[in-house]
Amino acid sequence: MASGGIGGYIKHHLENNKLELVEGSTFWTVHVDSVIYTLITAVVFLGFFGYIAKNAKSGVPSKSQNFVEMIIKFVNEQVNDLFHYKSKVVAPLALSIFVWVFLMNFMDLVPVDLLPAAGMAVGIDYMRVVPSTDLNITFGMSFAVILLVMYYNFTKKGPVGYAKEYFGHPFEAKGPVGKILVLLPNTLLNTVETIAKPVSLGLRLFGNLYAGELIFMLIAVFTLGYGLEQLLSFGGIIMIIAQFLLGLMWALFHILIITLQAFIFMMLSVVYLAQSHDTGH
Amino acid sequence: MSINFTLIIQMVVFLVVVLITMKKIWPVILGAMEEREKQIADGLAASDEADIALKKAQTEAEQIVNEAKDQAGTVRESATKMATKIKDQAKADAIAEKDRQLAAAVAEIEQESNRAKEDLRKQVSGIALAGAEKLLNKEVDSKVHADLLNDLVKEI
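Our subject in this report is the structure included herewith. Worth saying up front: this structure is predicted, and the values here are computed from it rather than measured. Throughout this document, residue positions are counted from 1 along each chain, in the order its sequence is written. Numbering of ligands from 1 and lettering of chains from A proceed in the order in which they are written. Local features are withheld for residues below a pLDDT of 70 in this predicted model, meaning they are given only at 70 or higher, and side-chain atom pairs are given and counted only at 80 or more; totals for whole chains, interfaces and linings count all residues. For the side-chain quantities, the full set of heavy atoms in the structure was used; hydrogens and water were omitted.

So, on to the overall build of chain B. Note on conventions: DSSP H or I runs of at least 4 residues are helices, E runs of at least 2 residues are strands, and numbering of each starts at the N terminus. Secondary structure assignment for chain B yields two helices and zero strands. Against the 2.2 N^0.38 benchmark of 15 Å for 156 residues, chain B shows a C-alpha radius of gyration of 61 Å, more extended than a compact globule. With the C-alpha coordinates of chain B rotated into their principal frame, the extents come out at 195 × 20 × 20 Å. When burial is assessed residue by residue, chain B has 15% of its 156 residues classed as buried. Only four residue types enter the charge count: Lys and Arg as positive, Asp and Glu as negative, with His and the chain ends excluded. Here the site of a charge means atom NZ of a Lys, CZ of an Arg, CG of an Asp or CD of a Glu. Mean positive and mean negative side-chain charge positions of chain B (22 and 27 charges, respectively) differ by 1 Å. The globule rule is 2.2 Å times the number of residues to the power 0.38, and the radius of gyration it is compared with is taken over C-alpha atoms. Classification of residues uses two cut-offs on accessible area relative to the type maximum, computed with a 1.4 Å probe and protein chains only: under 20% is buried, over 50% is exposed, and between them is partly exposed.

Residue and element names in this part refer to chain A. Axis separation between helix α7 (residues 175-220) and helix α9 (residues 234-277) bottoms out at 10 Å; the angle between their running directions is 170°. In terms of their interaxial angle, α7 and α9 are classed as roughly antiparallel. Basically, the charged four are Asp, Glu, Lys and Arg, the nonpolar ten are Ala, Val, Leu, Ile, Met, Phe, Trp, Tyr, Cys and Pro, and anything else, Gly included, counts as polar. Residues belonging to the contact of α7 with α9 are distributed by class as follows: 16 nonpolar, nine polar and three charged. To get an axis, fit a line to the C-alpha atoms, keeping to the stretch in contact for a helix; angles then go from 0 to 180 degrees between the N-to-C directions. Here the word oblique covers every angle except those under 35 degrees (roughly parallel), over 145 (roughly antiparallel) and from 65 to 115 (roughly perpendicular).

This next bit is on a nonpolar patch on the surface. Taken together, the side chains of Leu19(A), Leu21(A), Val22(A), Phe27(A), Trp28(A), Ile8(B), Val12(B), Val16(B) and Ile20(B) present a nonpolar region at the surface, about 730 Å² in accessible area. The dominant element in the nonpolar patch, judged by the number of residues it contributes, is helix α1 (residues 5-136) of chain B, at four residues. Like charges are joined within 9 Å and nonpolar side chains (Val, Leu, Ile, Met, Phe, Trp, Tyr) within 5 Å, but only among residues with over 30% relative accessible area and no salt bridge; these make up the patches. Accessible surface is estimated by sampling points in the Shrake-Rupley manner with a 1.4 Å probe; for residues, cover comes only from the protein chains shown. A carboxyl oxygen of Asp or Glu within 4 Å of a side-chain nitrogen of Lys or Arg is what we treat as a salt bridge.

On to the environment of Ile180(A), then. Its place among the elements puts Ile180(A) in helix α7. A sequence separation of 60 residues divides Ile180(A) from Ile240(A), and the C-alpha atoms of the two residues are 67 Å apart.

Only protein atoms enter the calculation, which uses a 1 Å grid: trapped sets of points that fit a 1.4 Å probe without letting it out are cavities, open sets showing protein on both sides within 12 Å along at least five of seven lines are pockets, and any residue with an atom within 4 Å of a point is a lining residue. Grid points are joined across faces, edges and corners, and a volume is the space filled by probe spheres set on the points. The full count for this structure, using the stated rule, is one cavity of 30 Å³ or more. If you add up the space inside the largest cavity, you get close to 50 Å³.

A separate point is helix α4 (residues 90-106) of chain A. Working rule for helices: expected span equals 1.5 Å times residues minus one. Between its terminal C-alpha atoms α4(A) stretches 24 Å, which fits the 24 Å expected from 17 residues at 1.5 Å a residue. For α4(A), the tally of buried residues reaches 15 of 17 residues, placing the bulk of the element in the interior.

Once that is clear, we can look at the packing of aromatic side chains. Between the rings of Phe, Tyr and Trp (Trp by its six-membered ring), a pair exists once the centres lie within 6.5 Å; its type follows the angle of the planes, with under 30 degrees stacked, over 60 edge-to-face, and the other angles tilted. Scanning the model with the defined rule gives 20 aromatic pairs over all chains in all. Relative to Phe14(B), the ring of Trp100(A) has its centre 6.2 Å away and its plane inclined at 10°; by these criteria the two rings are stacked. With Trp100(A) in helix α4 and Phe14(B) in helix α1, this residue pair bridges two chains. The exposure class of Phe14(B) is buried, given its relative accessible area of 0%. Ring geometry for Tyr162(A) versus Tyr166(A): centroids 5.9 Å apart, planes at 75°, classification edge-to-face. You can see Tyr162(A) and its partner Tyr166(A) sitting in helix α6 (residues 135-168), four residues apart, about one turn around the helix. Pair check on accessibility: Tyr162(A) and Tyr166(A) agree, each one buried. Three or more aromatic residues joined by ring pairs form one cluster here, namely Phe45(A), Phe48(A), Phe49(A) and Phe67(A).

As structure tokens, then:
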């Protein structure tokens, strides 16, 4: 445990395990812990779902196949509600986001000190186990989604159609003078929207999970720095009970948050992709 | 907390994960689900068809049973008629036979009685002739008196 009291403890927990690819460069740095835990969760997701897909049968499904089918059916219904175009990408993308983000968020329910302490024992000083509390990870996904949105904007609407939508909406005007007049506000609004989409998508997930993790840490510092003698005193026992109850309550509530955030990320991605397919303007 | 190369890595990993899901997971499981849906729908349709066929078969069976009943009724009726006819015929035959036998018996009796009469007549004529012979003590030429005797016999 790092010294420096409560502040030091939290600060240590919020420090990523960094690998500098280029000496002294902030950009050419990799958060090794985030990358490893996203890969682990990805392997869990792809492994389990891939195993089920490999053994999928149209007869009576096994319990695990039934569980996977339940998730797929749920995602499929949500996608069909929002996305009315033919696409081989959107529904699988929604499924990957939902399950993968859920698994990343789920790392938040692993006791906050368990994996970092295990890491410390084998000589890894810094470790953050919840990938979705890393802005790089959430932005990585939201930017990838927006890249796809851009791609579909260009391929489905065509560069001209997309330009017309970009410069001619939401304010519409007839005649060349009017069109020039609305050009500036339209461009401004659409630029803000285009930037706001990926940023809000990534920040929402990051903010919720970061706050959730921080609260787990605050609950963890209840008994921080107490010796065995102090813990066994009356006040110490009260603290342990309070810590246990608060941790339990927050964990139960957090189950809801992590599912909801995974769901919101999925739904918004589908909505943005549906907008990019929408040639109605 | 700063944006760095991790973001690029995550973008690539994300797109790879989506690609794998797209190629290997989603279509396979959804395909199995749709196939099962189709199987269930087919099964339900087949059971509906079987239901209809069963009803049809039941109606047919009922019809056949009714026809058989009708036929049996007709057969019974004709059999009864035939029996009555045979009975009547037998009765008529028996009566005819009785009449015939009766008539034959009567004829025989008559014949017997006629023969007896004839015998009697002959015997009477013999007796009368003998009596007369005795009475006359004289031979009677039967040939001469034959006509007379025959007249006598006829009178008896």
